[in-house]
Each structure stands twice: as structure tokens, then as C-alpha cells.
Amino acid sequence: MSKTWRPATQLVHGGTLRSQFGETSEAIYLTQGFVYDTSEAAEARFKGETDGFIYARYGSPTNDMFEKRMCALEGAEDARATASGMAAVSAAILCQLKAGDHIVAARALFGSCRWVVETLAPKYGIQCTLVDGRFIENWEKAIQPNTKVFFLESPTNPTLEVVDIAAVAKLANQIGAKVVVDNVFATPLFQKPLELGAHIVVYSATKHIDGQGRSLGGVILSDKQWIDENLHDYFRHTGPAMSPFTAWTLLKGIETLPLRVKQQTQNAAKVADFLAEQSKVGKVIYPGRKDHPQADIIAKQMTGGSTLVAFELKGGKEAAFKLQNALEIVKISNNLGDSKSLITHPATTTHKNLTDEARAELGISPGTVRFSAGIEDSEDLVEDFARALAQVSG
């Protein structure tokens, strides 16, 4: 495999293993375990003296292909594929912490991510401080002598705030902490957290990587030493492994990732520009627009916009519901990154478990709507929004 291949080529050919049959499409190794020629061979495999697979919970040829392909795209040394995006998030955080440690996390997180650091971790004696991640001084003020992990999303879900990853990583390195970045909204095509100084990157592969509404999956990427020393045993013994069939599905999805994300991003930008001109829309937040509050950070750490748009309707929840119910092409769903355009009302779905005060801090109002652009014709999407907005009062 050539290291000089560009992303689109890596995503078709990277990490491919072929059996003796020379198949064109990657094979699915639907097996739980593996056999050994001799007892001595089994012993050597378990001792780590010889390479090879032991049990599908630890890894399989199909999973290995997916992990290697993701490494090639991300620029990571090693990876582990998980059963879901949240399995990746929780494993990446918890595998490296113990009772008495401290997490600093950006407060703008997906609801389940916030639950892991704010509710689950403290049950095991791991404390967490949430900060407004947009300002580096907030990260610095939150540091304690026992701070071990910084955790953030950028852009954030659902309000598309941006965190200066390089600045956070520089601060973390000064105290020996690790930076974990959830890079779902940027995709590995538009942002490279490891190149910016982050130590661990996580994805919900359910989103753009599958991108076609078929499979749950996640992946954790880092350097080999960190994975060997922190994630390896946690992964083997707690069992968040991805199934080989899912890994195969994701291998098929990742081949078309650049094509889909390019079209989705173009569609998102066109819809964002349209919505910004509508009197019933209070504000539009899109990383590809010059009026994004953190356009300067976006310019230095992202190479593209996003497939997501956040906007606020002046009529609040009633207007948001009326808009969503009136759309024909765009479907109501809490998922994102799909080839189909999707829309959701965060206050009543993905972030409903937060208090009113917490949602207000994050900029999630009753009128906030999150749009995930699909690969449909952009003119059809704009016309769909125009029709739906015409039915909204105000």
C-alpha cells in the first residue's frame, strides 16, 4: 500500500486483504474464533510471539481492513473499531482514567457524550469540569493537579461551535494530559485532529462513514503506544468490538465517502445561504460562511465546511415543528451524515435530557433546528425549505 496515495484512493484500496480466491470486494470473515495448526502454534499466538487472530472480540480480518483504512485516512498509527460511536467515546475516555483523575470537557457535547463525562465518570470517582470550549482561558482555569484528559467536539453538536484544537493540545501537553477529539461533524476529510496536536480521535462511523442508514459503528484512532498501553486490554476484556459484517458494510461505505461528503457539503452551503436570507429565520450557523463567529479558527484548522447547518426559527418550538412537518424531501430523524437529508429539533430529541439552563448556555433555543444535508439535488432541497417555510407563521 502506497503512503503517497491521496484520500480518495486510500478509501478504495487502503488496508485491503485478499484471500487465496482473489476476490474483488473485501471478504466478510463471519467467524467467532480461529483454529491453529498445532497446540504450540496456539500457545505462541496467545503469547504474542506470532501474528494472527485469536477471537473475533479482539479482532478479525474484516475489522482489520476497516481499521487500517481509517488509519490511512486519518494519519494514525493504530485504531480499534467499536460497535457504536458511543462505545468509541466511552472506551477512549475511560480506558485511560482511574478513580481520582479529572476530565476537562467542552460543555457543547452530544447529549450522550456529556452523560459519559458528567454522570457516568463520577460514579467511578472520576471528576469532570465542563467549560465553554471556545475560549482557551477557560480550559486553562479548569486545570487541576489531577487533570488527565481534555475532551471536545469541533464543530459541536448541534450549534456548530468550533474549538481551537491546536491551542487546547498545546495546553494539554504542558500538563501531560491527553486530548480526545470527537471529529464527526468535520469528517476526516475536512479536519485532521492528530495533525493539530490531539492525541486520540473518535468517530461515530454510523454517520458519514457508513452514511447510508445501515450500520452502527465507531472507531478510535491514536498512536500505537497509547493504544497498546491504554485501550488494548480495556477493549479485549470489556467487549465493545464491532461485528465483521458491520466492518464490511463500513468498508463499502467508506469507498464513496469523498463523493458523498462533497455533495453534502455543497448542499449544506446552499441551504445555509438560502435560510440566511429568510425573514422567519433568526440566525444561521454554518462553518462555511464568513459570518460564522469563529471563522478565523475554521480557516486555520478545517479545509472545508460541514454537512450540517444549525439555524433558529423566530417562532420557537411551534415554528420548528411546523417547518419540519411540512418538509417533503427532508426527513425528521435524530441521525446525521446520511445520504438522505435529515432534520431534527435538538431541544426535544438529542439534547432533551439537559436542563433548560444548560441548553440555553449551549445556544439551543426552542427554535433551534439542525439540518444534515444529503446528496439530493440542491435546488430540490432549497425548494423544499421554501415550501415548508411558507407554512410557518410570522
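Treat the numbers as computed from the prediction; the structure is a model and nothing was measured.

Enquirer: Which residues make up the layout of surface pockets, and what values go with them?
Expert: Here the largest pocket is characterised by a volume of approximately 1000 Å³. Taken together, 32 residues form the lining of the largest pocket, with Asp64, Lys68, Asp78, Arg80 and Lys224 sitting closest to its centre. Sorting the residues of the lining of the largest pocket by element identifies helix 2 (39–47), helix 3 (61–74), strand 1 (78–82) and helix 10 (224–238) as the ones contributing at least two each. No other element matches the six residues that helix 3 contributes to the lining of the largest pocket.

Enquirer: Account for the nonpolar core, naming residues and giving values.
Expert: Ranked by size, the top nonpolar core spans 32 residues in total, and within it Phe66, Met70, Tyr203, Ile209 and Leu221 carry the most contacts. Counting only elements with at least two residues in this core, the list comes to helix 3, strand 1, helix 8 (187–190), strand 6 (200–204), strand 7 (218–222), helix 11 (244–255), helix 12 (257–276) and strand 9 (308–313). Among the elements that make up this core, the one with the highest residue count is helix 3 (five residues). Core analysis: the second largest hydrophobic core is formed by 27 residues, Ala268, Ala272, Ile343 and Val369 among them.

Enquirer: Can you explain the sheet that holds strand 2 (residues 102–106)? Please cite residues and give values.
Expert: One open sheet accounts for seven strands, arranged 1-7-6-5-4-2-3; its pairing is mixed. Pairing within the sheet leaves two strands with one partner each, and these edge strands are strand 1 and strand 3 (127–131). Neighbour-to-neighbour, the strand axes of this sheet turn through a mean angle of 20°, independent of strand direction. Sheet topology note: the strand 5 (residues 178–182)/strand 6 ladder contains three bridges and is parallel. The residue of strand 6 that forms the bridge with Val181 is Val201. Of the strands in this sheet, strand 1, strand 6 and strand 7 touch helix 3, which is tilted by about 125° from strand 1. The sheet contacts of helix 7 (residues 165–175) involve strand 4 (147–153) and strand 5, and relative to strand 4 the element is tilted by about 170°.

Enquirer: Break down the packing of helix 4 (residues 85–94) against helix 10 for me, with residues and values.
Expert: It is at 9 Å that the axes of helix 4 and helix 10 come closest, and there the two elements cross at 120°. Compared by their axis directions, helix 4 and helix 10 come out oblique. Helix-helix and strand crossings are classified by hand; for helix 4 and helix 10 the assignment is right-handed. Packed against helix 4, whose contacting residues are Ser90, Ala91, Ala92 and Leu94, the element helix 10 presents Trp226, Leu231 and Tyr234 at the interface. When grouped by side-chain class, the residues that make up the contact of helix 4 with helix 10 number six nonpolar, one polar and no charged.

Enquirer: Could you give me a rundown of the pairing of strand 12 (residues 368–372), with the residues and numbers involved?
Expert: Regular strands show a simple pattern: their side chains alternate between the two faces of the sheet. Of all five residues in strand 12, five are buried; the element is thus mostly enclosed. On strand 12, burial covers both faces: Thr368, Arg370 and Ser372 on one face and Val369 and Phe371 on the other are all buried. Pairing of strand 9 with strand 12, which is carried by five bridges, proceeds in the antiparallel orientation. Looking at strand 12, one finds that Glu312 is bridged to Thr368. With three bridges joining them, strand 11 (residues 342–344) and strand 12 adopt antiparallel strand pairing. Bridge assignment links Ile343 to a residue of strand 12, and that residue is Phe371.

Enquirer: Lay out the packing of aromatic side chains in plain terms, naming residues and giving numbers.
Expert: Inspection of the entire model under this criterion finds seven aromatic pairs. Between the aromatic rings of Phe311 and Phe385, the centroid separation amounts to 6.2 Å while the plane-to-plane angle is 80°, which identifies the pairing as edge-to-face. One end of the pair, Phe311, is in strand 9; the other, Phe385, is in helix 16 (residues 378–390), and 74 residues separate them in sequence. Relative accessible area serves as the criterion here: at 2%, Phe311 is assigned to the buried category. These aromatic residues form a ring-pair network of at least three members: Phe311, Phe371 and Phe385.

Enquirer: Provide a residue-level description of the environment of Phe34, including the pertinent values.
Expert: With respect to the element layout, Phe34 can be found in the loop between helix 1 (7–13) and helix 2. Taking the relative accessible area as the measure of exposure, Phe34 reaches 22% and is therefore partly exposed. Among all residues touching Phe34, those that are not within four sequence positions of it are Phe53, Ile54, Tyr55, Ala56, Gly59, Ser60 and Pro61.

Enquirer: Could you give an account of the UniProt feature "modified residue: N6-(pyridoxal phosphate)lysine" (unreviewed entry) in the chain, with specific residues and numbers?
Expert: Mapped onto this numbering, the UniProt entry gives "modified residue: N6-(pyridoxal phosphate)lysine" (unreviewed entry) at Lys207. Topologically, Lys207 is positioned in helix 9 (residues 206–210). Those residues within four positions of Lys207 in sequence are excluded, and the remaining contacts are Val184, Asn335, Leu336 and Gly337. Separated by 3.0 Å, the side chains of Lys207 and Ser204 make a polar contact.

What counts, and where the lines are drawn
All residue numbers refer to positions counted from 1 along the written sequence of the respective chain. In keeping with the predicted nature of the model, local features appear solely for residues at pLDDT of at least 70, side-chain atom pairs appear and are counted solely at 80 or more, and the whole-chain, interface and lining totals rest on all residues. To obtain the side-chain values, all non-hydrogen atoms of the structure were used and water was disregarded. Cavities and pockets are defined on a 1 Å grid built over the protein atoms alone: a cavity is a set of grid points where a 1.4 Å probe fits but cannot escape, while a pocket is an open set with protein on both sides within 12 Å along at least five of seven lines, and lining residues are those with an atom within 4 Å of any such point. Grid points are joined across faces, edges and corners, and a volume is the space filled by probe spheres set on the points. Every helix listed is a DSSP run of H or I at least four residues long, and every strand listed is a run of E at least two residues long, numbered separately from the N terminus. Here the nonpolar core consists of buried residues drawn from Ala, Val, Leu, Ile, Met, Phe, Trp, Tyr and Cys, with membership extended through side-chain atoms lying within 4.5 Å. Under the scheme applied here, a residue whose accessible area is under 20% of the maximum for its type counts as buried, over 50% as exposed, and between as partly exposed, the area being computed with a 1.4 Å probe on protein chains only. We treat two strands as partners when DSSP finds at least two bridges between them. In this description, a line fitted to the C-alpha atoms serves as the axis of each element, helices being fitted only across the stretch in contact, and the angle between N-to-C directions of two axes falls anywhere from 0 to 180 degrees. Pairs of residues are marked as contacts when any of their non-hydrogen atoms sit within 4.5 Å. The cut-offs work like this: below 35 degrees is roughly parallel, past 145 is roughly antiparallel, 65 to 115 is roughly perpendicular, and the gaps in between are oblique. Here a crossing is called left-handed whenever its near helix is offset anticlockwise from the far helix by less than a right angle, and right-handed whenever the offset is clockwise. In the scheme used here, Gly and all other residues not listed as nonpolar or charged are polar, with Ala, Val, Leu, Ile, Met, Phe, Trp, Tyr, Cys and Pro taken as nonpolar and Asp, Glu, Lys and Arg as charged. Aromatic contacts are taken between Phe, Tyr and Trp rings whose centres are within 6.5 Å, Trp giving its six-membered ring; a plane angle under 30 degrees counts as stacked, one over 60 as edge-to-face, and the others as tilted. UniProt positions are given in the numbering used here, feature names are shortened, and annotations may be inferred rather than shown by experiment. Pairs of N or O atoms are called polar contacts if they sit within 3.5 Å, as long as, within protein, a hydrogen donor faces a hydrogen acceptor (for residues adjacent in sequence, only side-chain-to-side-chain pairs).

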